[in-house]
Amino acid sequence: MAPSTVICIGMAGSGKTTFMQRLNAHLHSKKTPPYVINLDPAVLKVPFGANIDIRDSVKYKKVMEEYNLGPNGAIVTSLNLFSTKIDQVIKLAEKRSDKVQNIIIDTPGQIECFIWSASGSIITEAFASTFPTVIAYIVDTPRNSSPTTFISNMLYACSILYKTKLPMIIVFNKTDVKKADFAKEWMTDFEAFQLALKQDQDLNGEDGTSSGYMSSLVNSMSLMLEEFYSQLDVVGVSSYTGEGFDEFLDAIDNKVEEYNEFYKAERERILKKKEDDEKKRQAASLSNLMKDMDIKDKDKKPQDSEVLSDYESDEYQGELARDEDEPEREYTFPEDRNSEINERTDPDLQARYQAAFESTAKTASSKTAETIAAYINRLN
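Residues numbered from 1 in each chain as written. Predicted model: local features only at pLDDT ≥ 70, side-chain atom pairs only at ≥ 80, totals over all residues. Heavy atoms only, no water.

A. A look at the overall build of the protein. In terms of regular secondary structure, the protein is built from 17 helices and seven strands. The 380 residues of the protein split such that 40% are buried. Intrachain contacts of the protein at a sequence separation of at least 6 include 74% that bridge at least 24 residues. Accessible surface computed for the protein: about 22,600 Å², of which carbon and sulfur atoms make up 50%. (Helix = DSSP H or I, 4+ residues; strand = E, 2+ residues; numbered from the N terminus. Buried < 20%, exposed > 50% of the residue type's maximum accessible area, 1.4 Å probe, protein only. Contact = heavy atoms within 4.5 Å. Areas by Shrake-Rupley, 256 points an atom, 1.4 Å probe, with all protein chains shown as cover.)

B. Molecular detail of a nonpolar patch on the surface. Judged by side-chain polarity, Y213, M214 and L217 come together as a nonpolar surface patch covering roughly 300 Å² of accessible area. Within the element layout of this structure, M214 appears in helix 10 (residues 213-224). Residue M214 is classed as partly exposed on the basis of its relative accessible area of 34%. (Patch = residues over 30% accessible without salt bridge, like charges linked within 9 Å, V, L, I, M, F, W, Y side chains within 5 Å. Salt bridge = Lys/Arg side-chain N within 4 Å of Asp/Glu carboxyl O.)

C. Broad picture of the environment of E112. Note that E112 resides in helix 5 (residues 111-115). Taking the relative accessible area as the measure of exposure, E112 reaches 37% and is therefore partly exposed. As a C-alpha pair, E112 and N72 span 40 residues in sequence and 9.2 Å in three-dimensional space.

D. Representation of the pattern of salt bridges within the structure. The full count for this structure, using the stated rule, is twelve salt bridges. For the salt bridge of K30 with D246, the shortest nitrogen-to-oxygen distance reads 3.3 Å. With K30 in the loop between helix 1 (16-29) and strand 2 (35-38) and D246 in helix 12 (residues 245-292), this pair connects stretches of sequence that are 216 residues apart. Notably, a salt bridge pairs R143 with D140, separated by 3.2 Å at the nearest N-O pair.

E. View of the pairing of strand 1 (residues 4-10). Counting buried residues along strand 1, seven of its seven residues qualify, which places the element largely inside the surrounding structure. Judged by which residues are buried, strand 1 turns out to be covered on both faces: S4, V6, C8 and G10 on one side and T5, I7 and I9 on the other are all buried. For strand 1 and strand 4 (residues 102-106), the ladder comprises five bridges, and the chain directions are parallel. Considered in strand 4, the bridge of S4 is made with N102. (Pairing = 2+ DSSP bridges.)

F. Molecular detail of the confidence of the model for the protein. Of the residues in the protein, 74% have a pLDDT of 70 or more, and the chain-wide mean is 80. Across residues 319-341 the pLDDT falls below 50, and counting only partners more than four positions away or on other chains, this stretch makes 16 contacts in the model. (pLDDT = per-residue confidence, 0-100.)

G. Helix 8 (residues 181-188), seen in detail. All buried positions along helix 8 are accounted for by F182, A183, W186 and M187. Looking straight down helix 8, one finds its buried side chains confined to an arc of 135 degrees; they lie on one side. Residues D181 and T188 are exposed on helix 8 and point more than 90 degrees away from its buried face. Residues of helix 8 that are buried sit in contact with helix 7 (147-164), strand 6 (168-173), helix 9 (190-199), helix 11 (226-229) and strand 7 (233-236). (Arc of directions from axis to C-beta.)

H. Local environment of the packing of aromatic side chains. A full pass over the atoms with the stated rule returns eight aromatic pairs. Between F127 and F131 the ring centres are 6.4 Å apart and the planes differ by 35 degrees, which places this aromatic pair in the tilted class. Both rings, one in F150 and one in F193, keep their centres 6.3 Å apart while their planes meet at 45 degrees; by these two values the pair is tilted. Within this pair, whereas F150 is found in helix 7, its partner F193 is found in helix 9, the two being separated by 43 residues in sequence. On the basis of relative accessible area, F193 is assigned to the buried category, the value being 2%. (Phe/Tyr/Trp six-rings, centres within 6.5 Å; stacked < 30°, edge-to-face > 60°.)

I. Region of interest: the packing of helix 2 (residues 60-67) against helix 3 (residues 71-83). In the contact formed by helix 2 and helix 3, the axes pass within 9 Å of each other and the chain directions differ by 110 degrees. Here helix 2 lies roughly perpendicular to helix 3, going by the angle between them. Across the interface between the two elements, Y60, V63, M64 and Y67 from helix 2 touch P71, A74, I75, T77, S78 and L81 from helix 3. (Axes fitted to C-alpha atoms, helices over the stretch in contact; angles between N-to-C directions. Parallel < 35°, antiparallel > 145°, perpendicular 65-115°, else oblique.)

J. The packing of helix 7 against helix 10, seen in detail. The N-to-C vectors of helix 7 and helix 10 enclose an angle of 45 degrees; their axes lie 10 Å apart at closest approach. Considering the angle they form, helix 7 stands oblique to helix 10. In the crossing of helix 7 with helix 10, the sense of the turn from one axis to the other is left-handed. Packed against helix 7, whose contacting residues are T148, I151 and L155, the element helix 10 presents V218, M221, S222 and M224 at the interface. (Left-handed = near helix turned anticlockwise from the far one by under 90°.)

K. Looking closely at unusual backbone geometry. Although it is not a glycine, K31 adopts a positive phi angle of roughly 65 degrees. Summarising the element assignment, K31 is placed in the loop between helix 1 and strand 2. Looking at K31, the relative accessible area reads 72%, which means it is exposed. In this structure, N68 takes a positive phi of about 55 degrees despite not being glycine. In this fold, N68 is placed in the loop between helix 2 and helix 3.

Structure, rendered in structure tokens:
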């Protein structure tokens, strides 16, 4: 059975790296050590042992100096450089797939540098197409006690779910500071969130009157997110005390089943559609190439009188004028074309090549010369 992959994503300061450390220690305590990957090139110290570390192959400070970039630009560029070798990373993980049950991945705190970059999509797609993959979105619970901040974080989580199209677990971290019960209630009870919204002094005055626009906006967004909440597993954990990590592992198992039942089938359908579209594009390109080469099957050969009338036409005179300006098109020799055809070539394509060559290889130079000569004699 393929190991489950957990990609940990969270805003800066959400406790994501500490969460990774606690999760790694928790899995070791259960005698199921994970395969750990660090994708944050700017971190100075990693508090857990990583099997693969982006810092071993990409030097963040040298990227900044060489490409004259700022912090975020250097992170994106480092991920771009690392993603060119993602196939080797996948092979290394596959070699350990029979010995580990989980692959956990730490990402940069600058979410946009990973989620919305091409390299982030490449890395995510590579793992998701090989292993059952789950997104763990880490939330700083104390910072989300305000309804407006909470909604903003949920909207960001919604955008990540839309971008990755993978099962997601919302992890409310730092429950040792503030319990996540209020957040779970807001996600399941719309009226409870409405009550908290009315009591929020950031949106309302001290007398409880609404400030208008912002209150209406947050209210509308909370209604929209109800369907989004139904697709999530929500877990409260404390990376400091280790509370809630057994529940988090149960949520991973639940999401892996969901991945195999729904997401895997959907991903295979999308990949199949891309493959079919590519075949259609190749067939259309070949058809256009045949038209450009003017390769046509001619069932009827023109008579001499018909050829003469063609030479007398204005259309032919215009073609003669164009031929004087344009170089003559050259074609490959038959042995060159046959060299392009091998045992992997589509038999139908090979037959079309052969037919195309036979129709273009017919020599009619003597006949054409006689026709032109007869035409000149008529003019004289």
